[in-house]
Each structure stands twice: as structure tokens, then as C-alpha cells.
Amino acid sequence: MEVSIALKITVLTKSYGSTQALRGVDLDVRRGEIFGFLGPNGAGKTTTIRCVLDLIHRNGGTVSVLGMDPQENPVAVRARCGYLPGELRLDDAFTVEGQLRYLNRLRHNHADWNYARELARRIDLDLKTPIKNLSKGNKQKVGVVQAFMHRPELLILDEPTAGLDPLVQREVLRIIGEARKAGATIFFSSHNISEVQEVADRVGIIRNGVVVEVAEPSTLINRSLRTARVRFRRPVDSQALLATPGVKLLAQEDGASLLLQVEGEMDGLIKTLAGFPVLDFETERPTLEEVFLTYYGSNQ
Amino acid sequence: MSAIFFNALARMRGQILGWGLGLGLLGFYLMPFYDTLAEQQETIKQLLASYPPELMAFFGNTTVMFTPEGYLGFEYFSLMPVILGIFAVLAGSGLLVGDEESGTLDLVLAHPLSRTELFLGKLLGFIATTVGILILAWLGLVIGRNFSNIDLTAGQLAMPFLSLFGVLLLFGALALLLSMLLPSRRFTASLAGLLLVACYFVTSLARVDDRLTELARFSPLNYYQSSDAMSNMNYTWIAGLLAAAALFAAVAWWRFERRDIRVGGEGGWRIPLPWRRAAPHNR
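Owing to the predicted nature of the structure, the values given are computational and were not obtained by experimental measurement.

Caption draft 1: A look at the interface of chain A and chain B. Across the contact, 33 residues belong to chain A and 31 residues belong to chain B. Both faces considered, chain A and chain B share a buried interface measuring about 2900 Å² in area, 55% of it formed by carbon and sulfur atoms. Linking chain A with chain B are 3 salt bridges, by the criterion used here. The tally of links between chain A and chain B comes to 10 residue pairs in polar contact (both at pLDDT 80 or more).

Caption draft 2: Region of the structure containing the domain arrangement of chain A. Under the domain assignment, chain A is made up of domain 1 (5-215) and domain 2 (224-299). On a C-alpha basis, the centres of domain 1 of chain A and domain 2 of chain A stand 40 Å from each other.

Caption draft 3: Spatial organisation of the pattern of salt bridges. Residue and element names in this part refer to chain A. Tallied over the full model, the rule gives 27 salt bridges over all chains. Linking D112 and R151 is a salt bridge whose minimum nitrogen-to-oxygen distance equals 3.2 Å. On the criterion of sequence distance, the pair formed by D112 in the loop between α3 (96-106) and α4 (113-122) and R151 in the loop between α5 (136-148) and β6 (154-158) is long-range, its members being 39 residues apart. The salt bridge involving R174 is made with E171; its shortest N-O contact spans 2.8 Å. Of this pair, R174 and E171 are both found in helix α6 (residues 166-181), 3 residues apart, which corresponds to roughly one turn of the helix. Given a relative accessible area of 44%, R174 falls into the partly exposed group. Accessibility expressed as a relative area gives 13% for E171, which makes it buried.

Caption draft 4: View of α4(A). All names here are of chain A. Listed as buried for α4 are W113, Y115, A116, L119, A120 and R122. On the buried face of α4, the contacting elements are α3, α5 and α6. Backbone nitrogen of N114 and a side-chain oxygen of the N-cap are separated by 3.2 Å at the start of α4; the cap is D112. Just downstream of α4, D124 is the residue with a positive phi angle, here 60°.

Caption draft 5: Region of the structure containing the pairing of strand β7 (residues 185-190) of chain A. Residues and elements named next belong to chain A. Burial analysis of β7 places 6 of its 6 residues in the buried class, which makes it a mostly covered element. Going residue by residue along β7, you find T185, F187 and S189 tucked away on one face and I186, F188 and S190 tucked away on the opposite face as well. With 5 bridges connecting them, strand β3 (residues 34-38) and β7 associate as parallel partners. Across the sheet, I34 pairs through a bridge with I186, a residue of β7. In the sheet, β6 pairs with β7 via 5 bridges, with the strands oriented parallel. Within β7, the residue paired with L157 across the bridge is F188.

Caption draft 6: Quick peek at the packing of aromatic side chains. All names here are of chain A. A complete count under the given rule lists 16 aromatic pairs over all chains for this structure. Look at F94 and Y102: their rings are 5.4 Å apart centre to centre, the planes differ by 25°, and that puts the pair in the stacked class. In this structure, F94 and Y102 share a single accessibility class: buried. Grouped by ring-pair contacts, the aromatic residues F35, F37 and F187 constitute a single cluster. The lysine or arginine in question, R151, covers the ring of Y115, its NZ or CZ lying 3.8 Å from the ring centre.

About the criteria used
- Residues numbered from 1 in each chain as written.
- Chains lettered and ligands numbered in written order.
- Predicted model: local features only at pLDDT ≥ 70, side-chain atom pairs only at ≥ 80, totals over all residues.
- Heavy atoms only, no water.
- Contact = heavy atoms within 4.5 Å.
- Buried area = accessible area lost by both parts, 1.4 Å probe.
- Salt bridge = Lys/Arg side-chain N within 4 Å of Asp/Glu carboxyl O.
- Polar contact = N/O pair within 3.5 Å; in protein donor to acceptor, adjacent residues only side chain to side chain.
- Domains from an automatic or database assignment.
- Helix = DSSP H or I, 4+ residues; strand = E, 2+ residues; numbered from the N terminus.
- Buried < 20%, exposed > 50% of the residue type's maximum accessible area, 1.4 Å probe, protein only.
- Pairing = 2+ DSSP bridges.
- Phe/Tyr/Trp six-rings, centres within 6.5 Å; stacked < 30°, edge-to-face > 60°.
- Lys NZ or Arg CZ within 6 Å of the ring centre and 35° of its normal.

This is the structure in C-alpha cells:
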């Protein structure tokens, strides 16, 4: 296996009875990158993550985490990973510090306790508070600290900012960025597509148990549909424009103003427009969210 | 594994104190009453003779209750398998599945410890808790002895608890095994509790109905020795109970190693039959 790959998943399948949750997931996550894993509820994100950590056993395919098969070396794999579950549950009998110290003992005291305190301070988490008194958002902060506190090589984060207020979300994204700078690989799923667009080097989109796209966010955005608004000096016959491959008419306010949808590169449209009396031309890049919705809107 | 063991023990400290102190106080309270009973044995014999034999069967041989061993068997040890059996069934059924259903197992198992370490840590926590409860209960009898004419030694008083320990481990391990096969902790506890009560009735009624004798041989409670253990301990029976408990625990471990950790209803009831295609597992 290439040294540059932190997580390699090949034709991963997983069924629950007659329900096939994963239908052949293929994915490579490079060392040192932030990889965003996108998909709606039930697409297979959490099932993929739980197979990677050997919490559930795959039915087929292969998984390699930092060069090891998690089913053959689960302890060694988990020693080098940090994990934040999507549905985090903590032990109500502990205080925050007690919970973190217990989890640290499970890691054979490999956590950097000063770093843990610093993380708690940065996200405004009181270590003395009993877990049972914490809100959902504050429990999520405990999850963030325990995932990072031993400075793992690979961070697997399932919805890391869920339930956090916007200020803490920003801080968590900064912490993710710092971990990457320190050499860690981050694999995280999220529903918050704008944050994925902001921090991820690459994104994978999973639909119905299959990864349908892996690319850099910018590539996905450039490759996708975008809108173009054109105003002409006088009304024109739009038929020639609409004959251009990849161009569709979205709206025509009058003969001198058109709203077009363009798929792929803009080259064809611009060359066609050269023969028209163009007064103004504007394009809008879609957000990653719009790209994501395009995948799901057209394929569901 | 030590972190899991001490955490399991800490979480069950309430059980140790609740069950142990409760039964210890009961034993402490019962010991001085033996003297009164011995003085009034003729009246009590007449009273007991008026009870139906089916009812008396649940308390064993009552003719010996005017001896210290018989008294303690009748008043204290005869019901212990059911009373503490409830603890064993509840603790065994929730030992791993309790954490799984609460969702905390996912996070714990994402740490560098094997499923075997987790299983053994939890199991040892259950065993230590059971021992703690039995020691507190035994201490109640030992201390109460100072306020009674009962001349049994501390060692003799410990023997029924040893027999009880075997029974409790067996039902705890059975509940643990069932929890690995059945879809929920509640269902497991109900079924294991039903088996416990059924065993108690079969064993007790077999004393008055010979037709149940063969069936009672399959009941673990048939090998519970109550106060008989004070004078004539059958170590083979204890070894048998512990061996059965070890077998149930081993099968439960085997199953735990191979099953998925459930979250929010994932999985379901799927009994692992040998002819079903197993998931690839290279551990």
C-alpha cells in the first residue's frame, strides 16, 4: 500500500439483514489531508466509519487504515486514531474531567493532558461540570476534546460540529486545521456543507451506499451547473444560443435579457455570444451545497 | 482491562452496598431469633404441620429447622437464589448490552482495547460485585452470631454462600449469553428471570412430586446446597455450576467477538446459525 494513503477502502459492502447499507464503497484518503464525507441521512456515512473502526464487521471488500486491516489489528488501528461518534453518548456518572481521564486510561495515558486542557479552554468547556448537567452542545465539546487529546495520526469525525454554536464551530474548524498542519489526517462527515467547502481538501459524496464522486470542492463546483445572466443591447433570437451544447434557458424576462443554465465549461457559450450585441454578462458559481443538491436532486 | 474492571466495579458499588448491606442486616437480624424459635419449637411445629406440603416444599426440609443449620436454611438461604438471582440476571443482561443500548459502548470500543479485554473487564467486575455482596451478607451472619446461641463457625456460615456464588455466576453468565443473542436488554432480563423463577418452582415442587425429579436435574437450583453445605458440602456440584457458568461466558465471549456493536436499532434479532454465511472475520 502506498505510504501516502492513510485510509483506503475498496468495494466495501455491509448489510443489515436484507438491507444493504454499503454497496461497494471505494475511497482513498491521503495522509495529511482533510477529507469531507458528504451524504444525506441513511446514505452510509456512519456505517462506513464504523466499519473502518471495526465496530461493525464488513460483509465484503477491504479496509486499510494507516496500512493495517482494522479487523486484523483493531487495537493497533484505534491506538492511532481519534474518533468522534455521530451519536455521542457519555457516562453520566462522571464529571467532564473524570470522563476524559477514564478515556485516557483506555489509551494507556497517552493523551497530552496540557493539550486537552487547552482544547477545553478554547471551546469553553468546564472540566468540573458533571456530564449529566451538560447540554447536547457541551457534550459534543467533550467529544471533540477526547478525539484530539492524544494527537492521533488519523481523526475520524462524524458530524464534529453538530450541536455547537457558531463561535465554537469556528474554533473546532481551526483545531481541525491545526491538527492537519501538525501532520494529522482528518476524515470527517458533515451535513454542514459550507464548512466542508471551507476546510476540506477533497470531498467524497456517498449516495445509497456507493461513493458517487470524489474531488476537490473547487473541481466539483467548476464541473457543475452554473447560471449565466445575459443582457443584450436589443431583443435577440435566443434559438442560436440555446442550441449551444450544455446551455438551457431558465428564464426570459424580455427578448433582451436571458437567464441561462450552463453545464460544464463556459467556452461554448462565450464563443456563441460573440455574435450577439451583449451589454452585460454575469455568471454565478454554485456553492458546494448547490452541487451536493444537484447530485441528490438528479439521482435520488 | 484494569480501567474497564475498576469502572465496572465503581458503577456497581451501589449494588454491592444495596444488596450486600440489605442482606447483611437481614442476617444480623435473624440470628438472635433462633434462640426464641428453639424455645418455642413445639408450638411452631404444630403451626407448620397445618401448612400444605406444596407450600412447605419451597422451604425444604422444615423438620430440621430447629437446628441452627436448618433454621438458617429455612429463614435465610432457601430464598437467596431467587432474591440474588434477580441481581445476577439484571447485572448479566446489562453487562455489555446496557452500555450498547445507552450508546456509550461505541466510544469505549473506539479506544485501543480489544473486545476480549472489554468483555473480561466487565465480567470480572460482575464477579467482584457478586463476591462483595456475598461477603457483606456473610458478615451480617457472622456478626449476628455474637448475639445468638448459634455456635456455627464463620467457615461453616460461608459454605452456603460458596454454593450460592456458583448459582449466581451461572445465572449471570446465562443472562450475559442471552444478551448476546437477543435483540434487547429488557427481553433478555425478562427471559432469564423467567428461567430463574421456573427453575425455582421445578426444583421446589420436585420435592413433593416425583414426576418432576427428572426435570429438576436440569435446574441449576437443584445443585444449590443452601445450609446443607455447612455440614456436607458437595464440591462437585459447585464445580459443575462454575463449569456451566464458564461455558456460558465463553460462548457469550465468542459471540461478542463476532457481532456488530449496535447503534440506534441497527442490526436486530439474527440468531447465528452455523449454516448462515458469516461475515468475514480475520481476527
